Amino acid sequence: MQPYIELVRRYVYRRILIEFGDDELGKLAVAIFNTLLSRGEAMTDDKLTSIVGYNAIDVRRILQALYNMRLASVVEEFNEAAGRIEQSWSIKDEDIKRFLTNLIGGVLDKISVLMQQLTTTSVYICPKCFKRYSEDDALMYDYKCPLDKTPLEYINPADYLAVLGAVEARLKKMMESVSKGSV
């Protein structure tokens, strides 16, 4: 299951990079992911801050992003000594399985829709911006991309259906592996 962990790391890094536009936050997200996963215990954001060596605001921002991705779990507990509620964060095998299942399932859904579109209608694509157009839309725009005026190209469904079918089969195999195995 180790290759899947690396897949999750890369996904987390890229998602944070896209969301926040900051390479350092992407590296922080991977560091937090690795720390929570390797320690196998729930940790407060203060403890994580001291371990990873970043400021508390960025650590909390990343923890919230991991939670929003449904990758991290949080439990709130009242700390008697501090007199306040503290959040303890963790990443469990079940969280990773659920995350991978949702991610792979989402991609499979998109592939299915694209394959359905390719088998039922003619599809044209702009080679510059890669936006797809139906036959009716292409005709309406005089077979030119309305965004950049590049001539649209016809997509031969047979070429793409074979590739998409192979990708779909591979993803289904991954999904089966994830649901059977342990992370």
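Quick look at the structure, then. Counting from 1, residues in each chain are numbered in the order their sequence is written. The predicted origin of the model limits local features to residues at a pLDDT of at least 70 and limits the giving and counting of side-chain atom pairs to 80 or more, whereas totals for whole chains, interfaces and linings rest on all residues. The basis for every side-chain value is the complete set of non-hydrogen atoms in the structure, without hydrogens or water.

Looking now at the pairing of strand β3 (residues 84–90). Relative to β3, strand β1 (residues 43–44) runs antiparallel, the two being bridged by two bridges. Residue pairing for β3: Met43 is matched across the bridge by Trp89. Following DSSP output, two strands are said to pair if at least two bridges run between them. Helix and strand definitions follow DSSP, with helices as H or I runs of at least four residues and strands as E runs of at least two, each counted in order from the N terminus. Pairing of strand β2 (residues 73–79) with β3 involves seven bridges; the strand directions are antiparallel. The residue of β3 that forms the bridge with Asn79 is Arg84. The antiparallel hairpin formed by β2 and β3 contains four residues in its connecting segment, where Gly83 sits at a positive phi of about 70°.

Okay, the packing of aromatic side chains next. Planes of paired rings set the category: under 30 degrees apart is stacked, over 60 is edge-to-face and the rest tilted, where pairs are Phe, Tyr or Trp rings (Trp by its six-membered ring) whose centres lie within 6.5 Å. A full pass over the atoms with the stated rule returns five aromatic pairs. Between the aromatic rings of Tyr124 and Tyr143, the centroid separation amounts to 5.3 Å while the plane-to-plane angle is 65°, which identifies the pairing as edge-to-face. You can see Tyr124 sitting in strand β4 (residues 123–125) and its partner Tyr143 sitting in the loop between α6 (135–140) and β6 (153–154), a full 19 residues away along the chain. A relative accessible area of 28% means that Tyr143 is categorised as partly exposed. Considering the side-chain rings of Tyr133 and Tyr141, the 5.8 Å spacing of their centres and the 75° angle between planes classify their relative orientation as edge-to-face. Working definition: with a 1.4 Å probe on protein chains only, accessible area under 20% of the residue-type maximum means buried, over 50% means exposed, and in between means partly exposed.

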